[in-house]
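Coordinate analysis (summary)
Here's the letter readout for the chains.
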Amino acid sequence: MVMLFSSCSKFQRVLKKGSVDDKYNAAISYYERKDYYRAGLLLEEVIPLIRGQKRSEIANLYYAYCHFYQRQRQLAAYYFKRFYTQFGASKYVEEAMYMYAFSLYKDSPEYYLDQSNTNQAVAASQNFLNRFPQSKYAEECSRIIDELRRKLEKKAYEGAKLYYKIRNYRAAVITFGNFQKDFPDSNFNEEVAYLKVLSQYEYAEISTVRRQKARYGDVIKFYTDFIDAYPESGYKRAAERLYSSSIKRLEKLNKIFKKS
């Protein structure tokens, strides 16, 4: 208890009354002892006072890391980006650019939440790879991109299915189509192609007679795309029933329009 009080007292004394050198040296000492909270407070005081000095570089880098190690990922990303922007000739630019991307990655939320940070992390990781393709961090950045793209894929897949579940069939058709374009190699695409047929069929079913002809025609088109891509699909029979039903509906509609 006495040692803790002494330590706090020493820190407060340096923070309030220490010279710039005292604060800088204490900050580095606290950082090396992994006391990132105290190091960060001292660096915050020191950084504006040593701007332009050689030691400003390491102070700014450590300040970004202080936020990162305290799990303040957004702030860490901001300060890592500020570092490599401000110290463009530094030998730590590569590290800071990687840590910028990595901080955004660590701040990426669960797939069902807003994915703005995830998109930022993907872009930052790709920018890093473009600039430092041979970096020791390159493999990790590639892994991050793959992981985050799977998360975005899952988000898009569940979002499209949700439209179908709430019977917004027009939106479901559009989002299933967007999914196929955005994620052409997805393992979900067989199911998505079938659900696109199903959603279009349901959309045609609830449409006015005047619009049904075109919409059943789209069912047939989507079915053809589906069966061409997945001729042995487990959804084949269900899709065929939708196709056959659409053909019959079109035959009836053609008779109606001929009479009128």
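Presented here is a report on the structure given in the accompanying data block. (Residues numbered from 1 in each chain as written. Predicted model: local features only at pLDDT ≥ 70, side-chain atom pairs only at ≥ 80, totals over all residues. Heavy atoms only, no water.)

What follows concerns the nonpolar core. Counting 82 residues, the largest nonpolar core has Leu42, Leu43, Phe80 and Tyr194 as its most contacted members. Broken down by element, this core gets its largest block of residues, 10 residues, from helix H6 (residues 93-106). Setting aside anything within four residues of it in sequence, one finds Leu43 in contact with Ala27, Ala59, Tyr62, Tyr63 and Cys66. (Core = buried A, V, L, I, M, F, W, Y, C linked by side-chain atoms within 4.5 Å. Buried < 20%, exposed > 50% of the residue type's maximum accessible area, 1.4 Å probe, protein only. Helix = DSSP H or I, 4+ residues; strand = E, 2+ residues; numbered from the N terminus. Contact = heavy atoms within 4.5 Å.)

Turning to the side chain of Ser199, a few remarks are in order. Among the secondary structure elements, Ser199 is positioned in helix H10 (residues 189-205). Apart from residues no more than four positions distant in its own chain, Ser199 is found in contact with Tyr164, Tyr169, Ala172, Val173 and Phe176.

A cluster of basic side chains, namely Lys10, Arg13, Lys16, Lys17 and Arg33, defines a positive patch on the protein surface. Mapped onto the fold, Lys10 is located in helix H1 (residues 2-17). (Patch = residues over 30% accessible without salt bridge, like charges linked within 9 Å, V, L, I, M, F, W, Y side chains within 5 Å. Areas by Shrake-Rupley, 256 points an atom, 1.4 Å probe, with all protein chains shown as cover. Salt bridge = Lys/Arg side-chain N within 4 Å of Asp/Glu carboxyl O. Lys, Arg positive; Asp, Glu negative; His and termini not counted. Charge placed at Lys NZ, Arg CZ, Asp CG, Glu CD.)

Orientation of H6 relative to helix H7 (residues 116-131), taken along the N-to-C sense of each, is 155°, at an axis distance of 8 Å. When the interaxial angle is binned, H6 and H7 end up roughly antiparallel. As H6 packs across H7, the resulting crossing turns out to be left-handed. For the pair formed by H6 and H7, the contact residues are Val93, Glu94, Met97, Tyr98, Tyr100, Ala101, Leu104 and Tyr105 on the first element and Asn117, Gln120, Ala121, Ala124, Ser125, Phe128 and Arg131 on the second. Looking at the contact of H6 with H7 residue by residue, the class counts come to 10 nonpolar, three polar and two charged. (Axes fitted to C-alpha atoms, helices over the stretch in contact; angles between N-to-C directions. Parallel < 35°, antiparallel > 145°, perpendicular 65-115°, else oblique. Left-handed = near helix turned anticlockwise from the far one by under 90°. Nonpolar A, V, L, I, M, F, W, Y, C, P; charged D, E, K, R; others polar.)

Turning our eyes to something else, we now look at helix H4 (residues 56-69). For H4, with 14 residues, the first-to-last C-alpha span of 20 Å sits near the 20 Å given by 1.5 Å per residue. Of all the 14 residues making up H4, 12 are buried; the element is thus mostly covered by neighbouring parts of the structure. Of all the positions in H4, only Ser56, Ile58, Ala59, Asn60, Leu61, Tyr62, Tyr63, Ala64, Tyr65, Cys66, His67 and Phe68 are classed as buried. Those residues of H4 that are buried are in contact with helix H2 (20-32), helix H3 (36-46), helix H5 (73-86) and H6. The positive-phi residue at the C-terminal boundary of H4 is Arg71, with phi of around 65°. (Expected span 1.5 Å × (residues − 1).)

What follows covers the pattern of salt bridges. Following the criterion strictly, the structure yields nine salt bridges and no others. Among the ionic pairs, Lys23 bridges to Glu45, the shortest N-O distance being 3.2 Å. With Lys23 in helix H2 and Glu45 in helix H3, the pair connects residues that are 22 residues apart, well separated along the chain. Among the residues examined, Glu45 registers a relative accessible area of 37% and is labelled partly exposed. In this structure, Glu205 engages Arg249 in a salt bridge whose closest nitrogen and oxygen atoms are separated by 3.0 Å. Placement of the pair is Glu205 in helix H10 and Arg249 in helix H12 (residues 236-259), with a sequence separation of 44 residues. The class of Glu205 is partly exposed, set by a relative accessible area of 30%. The class of Arg249 is partly exposed, set by a relative accessible area of 30%. Linked through salt bridges whose partners overlap, the residues forming this network are Glu140, Arg143 and Glu147.

What follows is about unusual backbone geometry. Even without glycine at this site, Lys34 takes up a positive phi of about 65°. Looking at the element boundaries, Lys34 is found in the loop between H2 and H3. By relative accessible area, which is 62% here, Lys34 ends up exposed.

Below, the discussion takes up the packing of H10 against helix H11 (residues 209-229). Where H10 meets H11, the closest approach of the two axes is 8 Å, and the angle between their N-to-C directions is 165°. Between H10 and H11, the angle falls in the class roughly antiparallel. The handedness of the crossing between H10 and H11 comes out as left-handed. Contacts between H10 and H11 involve Glu190, Ala193, Tyr194, Lys196, Val197, Gln200, Tyr201, Tyr203, Ala204 and Glu205 on the former and, on the latter, Gln212, Arg215, Tyr216, Asp218, Val219, Phe222, Tyr223 and Phe226. Residues of the contact of H10 with H11, tallied by class, amount to 11 nonpolar, two polar and five charged.

Turning to the packing of aromatic side chains, a few remarks are in order. Summed over the entire model, instances satisfying the criterion amount to 28 aromatic pairs. For the pair Tyr31 and Tyr62, a centre-to-centre distance of 3.9 Å together with 10° between the ring planes defines the contact as stacked. You can see Tyr31 sitting in helix H2 and its partner Tyr62 sitting in helix H4, a full 31 residues away along the chain. The exposure class assigned to Tyr31 is buried, which follows from its relative accessible area of 11%. Residue placement shows Arg55 over the ring face of Tyr24; its charged tip is 5.0 Å from the ring centre. Seen from the ring of Phe68, Arg73 lies directly overhead, with NZ or CZ sitting 4.7 Å from the centre. (Phe/Tyr/Trp six-rings, centres within 6.5 Å; stacked < 30°, edge-to-face > 60°. Lys NZ or Arg CZ within 6 Å of the ring centre and 35° of its normal.)

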